[in-house]
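Reading the structure
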Amino acid sequence: MVQNVAPLMAELEPEDFYLLSGIEQGMRFSEWVATQKIPDFSRLTPENVDYRLDRCEDRGLIERKTIQYTGYKLTFEGYDALALHALIERDTIEAFGAPLGVGKESDVFEVKSYKPLALKFHREGYTNFREVMKEREYTSDKDHVSWQYTARKAAEREYDALEALYPDVSVPRPIDQNRHAIVMEKINGAELSRTKLEDEQVVPVLDLILDELQTAYDEGYVHADMSEYNVFVNTEGITIFDWPQAVPTDHENASEFLARDVENLVSYFRRKYPQLTADIDADAVADAILDGSFETAQTHV
């Protein structure tokens, strides 16, 4: 996806981005934007629109469909191009680098700026749109919801959570956000799921994670999607990432989500290190976080 878009950025012209932005605006109202409406949305002449449509379609940035009328919509590559263009224009990023991780709901790449950073593209709704529509509450009150809207809202929610939590909670430092893309601090380390801890490290690492969940709760957020796949471990400690499903602590299901987060973590440690963590009571830990009394020593009891 975006690996194919980055090399195109230098050859795209300002009017190409006007066209892409115009189609993006039209997609707020319908999935396919009729050709005759694009000049108004893009503020280009009909002749220029025709020329730009061919250029952008040849580069895979838009898709055409003809049924009752000829219409166009952005591909995810087109949406990537718009986000990249905005971040480059802001001088947030200077160059695009190697992939750091590719998943079902996001792609993460290294980018160059004043130092190496991480650029995360949210993909929610692109391959599993129906499922995401059911699960994400920010899609429930919209008559027309596109995958662009779903991915953008996920990025906005995650960025807001990171801004609220950093630096009190060990999360990546947020740098910038546009559409479905977030630029953040690049975290060095290994994913918890791929880490084999020494016996003397097991409970202290679990303590660190739970302590961060306590601090996040004190700061007003529940992660709501915790697992061994969104914790980095390094010599300096741990970092919790992937916050698009975070909910405020006054959310009606916040306590339920917190209990699930704790259970997911404790269950993972029990499976991988049963002799060291078998006696940890996940329910008691969750209750302690909820009333603000969690202390790391509690996991040793």
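Data block above holds the structure.
Residues numbered from 1 in each chain as written. Predicted model: local features only at pLDDT ≥ 70, side-chain atom pairs only at ≥ 80, totals over all residues. Heavy atoms only, no water.

1. With respect to the environment of Asp287
For Asp287, the location among the structural elements is in helix H11 (residues 282-290). Take Asp287: its relative accessible area is 47%, and that puts it in the partly exposed class. Note: C-alpha distance between Asp287 and Asp160 (127 residues apart in sequence) is 26 Å. (Helix = DSSP H or I, 4+ residues; strand = E, 2+ residues; numbered from the N terminus. Buried < 20%, exposed > 50% of the residue type's maximum accessible area, 1.4 Å probe, protein only.)

2. Topic: the packing of aromatic side chains
Summed over the entire model, instances satisfying the criterion amount to 9 aromatic pairs. Aromatic pair Phe96 and Phe109: ring centres 4.9 Å apart, planes at 40 degrees, arrangement tilted. Of this pair, Phe96 sits in strand E4 (residues 95-102) while Phe109 sits in strand E5 (residues 106-112), placing them 13 residues apart in sequence. Residue class for Phe96 comes out partly exposed when judged on its relative accessible area of 24%. An angle of 40 degrees between the planes, with centres 6.0 Å apart, marks the rings of Phe269 and Tyr273 as tilted. In this pair, the class of Phe269 matches that of Tyr273, namely buried. Connected via pairs of aromatic rings, a cluster forms that spans Phe76, Tyr79 and Trp147. (Phe/Tyr/Trp six-rings, centres within 6.5 Å; stacked < 30°, edge-to-face > 60°.)

3. So, unusual backbone geometry
Cis geometry is adopted by the peptide bond preceding Pro167, which originates at Tyr166 and carries an omega value of 5 degrees. Of note, Ala224 is a non-glycine position whose phi angle comes to about 75 degrees, a positive value. Here Ala224 is to be found in the loop between strand E10 (221-222) and strand E11 (231-234). The phi torsion at Asp242 lies on the positive side, around 60 degrees, for a residue other than glycine. The residue Asp242 is located in the loop between strand E12 (237-240) and strand E13 (247-248) in this model. The class for Asp242 is partly exposed, based on a relative accessible area of 25%.

4. Re the packing of helix H9 (residues 254-272) against H11
Two elements in contact, H9 and H11, have axes whose closest approach is 9 Å; the angle formed by their N-to-C orientations is 140 degrees. One way to sum up the angle between H9 and H11 is to call them oblique. Crossing of H9 against H11: the hand is right-handed. Packed against H9, whose contacting residues are Ser255, Leu258, Ala259, Val262, Glu263, Val266 and Arg270, the element H11 presents Ala282, Val285, Ala286, Ile289 and Leu290 at the interface. Each residue belonging to the contact of H9 with H11 can be placed in one class, and the counts come to 9 nonpolar, 1 polar and 2 charged. (Axes fitted to C-alpha atoms, helices over the stretch in contact; angles between N-to-C directions. Parallel < 35°, antiparallel > 145°, perpendicular 65-115°, else oblique. Left-handed = near helix turned anticlockwise from the far one by under 90°. Contact = heavy atoms within 4.5 Å. Nonpolar A, V, L, I, M, F, W, Y, C, P; charged D, E, K, R; others polar.)

5. A look at the sheet that holds strand E9 (residues 190-191)
Taken together, 3 strands build an open sheet; the order of strands is E9-E11-E12 and the sheet is antiparallel. The sheet is open, and its two borders are formed by E9 and E12, each paired with just one other strand. With 2 bridges joining them, E9 and E11 adopt antiparallel strand pairing. From the neighbouring strand, Glu191 faces E11, where its bridge partner is Phe232. Along the sheet, helix H8 (residues 199-218) contacts E11 and E12; its crossing angle with E12, the most-contacted strand, is approximately 40 degrees. (Pairing = 2+ DSSP bridges.)

6. Thoughts on the sheet that holds E5
Read across the sheet, 5 strands follow the order E4-E5-E6-E8-E7 without closing on themselves; strand pairing throughout is antiparallel. Edge positions in the sheet fall to E4 and strand E7 (174-178), since each has one partner strand and no second. Sheet twist, expressed as the average angle between the axes of neighbouring strands with direction ignored, equals 25 degrees. Most of the contacts of helix H5 (residues 76-89) go to strand E6 (residues 117-122), to which it runs at about 145 degrees, and overall it touches E4, E6, E7 and strand E8 (181-185). Sheet contacts for helix H7 (residues 147-165): E6, E7 and E8; angle to E7, the most-contacted strand, approximately 160 degrees.

7. Observations concerning the packing of H8 against H11
At a minimum axis separation of 9 Å, H8 and H11 run at an interaxial angle of 35 degrees. Considering only the axes of H8 and H11, their crossing is right-handed. Seen from H8, the contacting residues are Leu210, Leu213, Gln214 and Tyr217; seen from H11, they are Val285, Ala288, Ile289 and Leu290.

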